[in-house]
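A closer look at the structure
Here's the letter readout for the chains.
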Amino acid sequence: MKGIWLENQNLQLRTDLPTPTPPEGEALVKVLRAGICNTDLELMRGYYPYTGILGHEFVGVVAEGPENLLNQRVVGEINASCGTCRFCQRGEPTHCENRTVLGIVNRNGAFADYLTLPIKNLHPVPDTVDTNAATFTEPLAAALEIQEQVSITAEDRVLVVGDGKLGQLVAQSLALTGCDLLVIGRHRQKLANLEDLGIKVGFANDVQDGTFDRSIECTGNPEGFAIAARALRPRGTLVLKSTYAGNLTLDASTLVVNEITLIGSRCGPFDKALALLEKHQIDINRLIQAEYPLSEGLEGFELAQQKGVLKVLLNMEN
């Protein structure tokens, strides 16, 4: 089996990997498509000590599993939970104390011919959703988690900081609420993608401090955090959507004096993401920069690491 293997922060294409055997309660999935995420790039830089096959955004076909899913296209939630710890018992499996995470923590990922995941993690892909679009289910679900955690209405002024892959999905999903939305970034072409969809865009100097009800930080860098924080009115809410590879320095006094609510946000609802994709309410085509066969996956990673690049897909059907 072929796969993109990470070890000691070195990436290699391996062709000698064994096809995984699904344990009880799991399915074997033949991967069709997988997307390179910023988390994959951060793992390469040592964000977390991971060894194995990278990749967690995917769509595939069930090769071994329950009869109702056999030969069906599926996407999969990336956290494999134990079902017995205190978080699982509270209905919070994404925080399972014993979880493995696809391509991130103690579980081989999606940049390979096959992967395994618990059957309960799999979601059938509607026939009207094409395979490339389905690959965005996981990051779109993460974008939608914001609305699971924070009430956002048409009366709210909302700032999204970051015009990258995640920022684009966050912006499109928030625009559906009818809120007064502004997206700022550094890349005119990427901002133009959103402007073409009727979303107001700009740059850092377009942000008036202390005027937004909600700020969504999607850059993963200190400058983005600072912009998002100072944009908020007193008692505003700051949502962190990106992981930070290094330490973040913040002005805690300002957060206290202005009574700012700070929320971390990651995995989200797959069912709602698939529903939006089925209704074609999210424009995915604008977000795909390039597509490579798995055998050229290292070249795909080289492109994905360049500044300003949107989503790079790996195609396991070629």
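Residues numbered from 1 in each chain as written. Predicted model: local features only at pLDDT ≥ 70, side-chain atom pairs only at ≥ 80, totals over all residues. Heavy atoms only, no water.

For the rest of this paragraph, the subject is the overall build of the protein. When helices and strands are counted, the protein shows 10 helices and 18 strands. Whereas a compact globule of 318 residues would reach a radius of gyration of roughly 20 Å, the protein reaches 19 Å, a difference of no more than 12%. Taking the principal axes of its C-alpha atoms as reference, the protein extends roughly 55 × 45 × 40 Å. Classification of the 318 residues of the protein by burial places 53% in the buried group. Contacts in the protein between residues at least 24 apart in sequence constitute 66% of all its contacts with a sequence separation of at least 6. A total of about 14400 Å² of accessible surface is found on the protein, and carbon and sulfur atoms cover 44% of it. Treating the 28 positive side-chain charges of the protein as one cloud and the 39 negative ones as another, the clouds have centres 4 Å apart. (Helix = DSSP H or I, 4+ residues; strand = E, 2+ residues; numbered from the N terminus. Rg over C-alpha atoms; globule rule 2.2 N^0.38 Å. Buried < 20%, exposed > 50% of the residue type's maximum accessible area, 1.4 Å probe, protein only. Contact = heavy atoms within 4.5 Å. Areas by Shrake-Rupley, 256 points an atom, 1.4 Å probe, with all protein chains shown as cover. Lys, Arg positive; Asp, Glu negative; His and termini not counted. Charge placed at Lys NZ, Arg CZ, Asp CG, Glu CD.)

Turning next to the UniProt feature "domain: Alcohol dehydrogenase-like N-terminal" (unreviewed entry) in the protein. Per the UniProt entry, the sites bearing "domain: Alcohol dehydrogenase-like N-terminal" (unreviewed entry) are residues 24–127 in this numbering. Secondary structure across residues 24–127 divides into 11% helix and 36% strand, with the first and last C-alpha atoms of the span separated by 28 Å. (UniProt positions renumbered as here; feature names shortened; annotations may be inferred.)

Glancing now at the layout of surface pockets. Taken as a whole, the second largest pocket holds about 220 Å³ of empty space. Lining of the second largest pocket is provided by 14 residues; of these, T94, E145, C267, G268 and P269 occupy positions nearest its centre. If you list the elements that add at least two residues to the lining of the second largest pocket, you get helix 4 (137–149) and helix 9 (270–278). The residue makeup of the lining of the second largest pocket, split by class, is three nonpolar, seven polar and four charged. Among the domains, domain 1 (3–125 + 284–315) and domain 2 (142–264) are the pair contributing at least three residues each to the lining of the second largest pocket. (1 Å grid on protein atoms, 1.4 Å probe; cavity = no way out; pocket = protein on both sides within 12 Å on 5 of 7 lines; lining within 4 Å. Points joined across faces, edges and corners; volume = space filled by probe spheres on them. Nonpolar A, V, L, I, M, F, W, Y, C, P; charged D, E, K, R; others polar. Domains from an automatic or database assignment.)

Moving on to the side chain of Q168. Among the structural elements, Q168 can be located in helix 5 (residues 165–175). Among the polar contacts listed, one links the side chain of Q168 to the backbone oxygen of D163, at a separation of 3.1 Å. If we skip the residues at most four places from it in the chain, Q168 touches D163, K190, L191, N193, L194, L287 and L310. (Polar contact = N/O pair within 3.5 Å; in protein donor to acceptor, adjacent residues only side chain to side chain.)

Phi angles above zero are rare outside glycine, and N8 is one such case at about 55°. Among the secondary structure elements, N8 is positioned in the loop between strand 1 (3–7) and strand 2 (10–14). With relative accessibility at 64%, the residue N8 sits in the exposed group. The backbone phi angle of E259 is positive, close to 50°, even though this residue is not glycine. Mapped onto the elements of the fold, E259 is located in the loop between helix 8 (252–257) and strand 16 (261–264).

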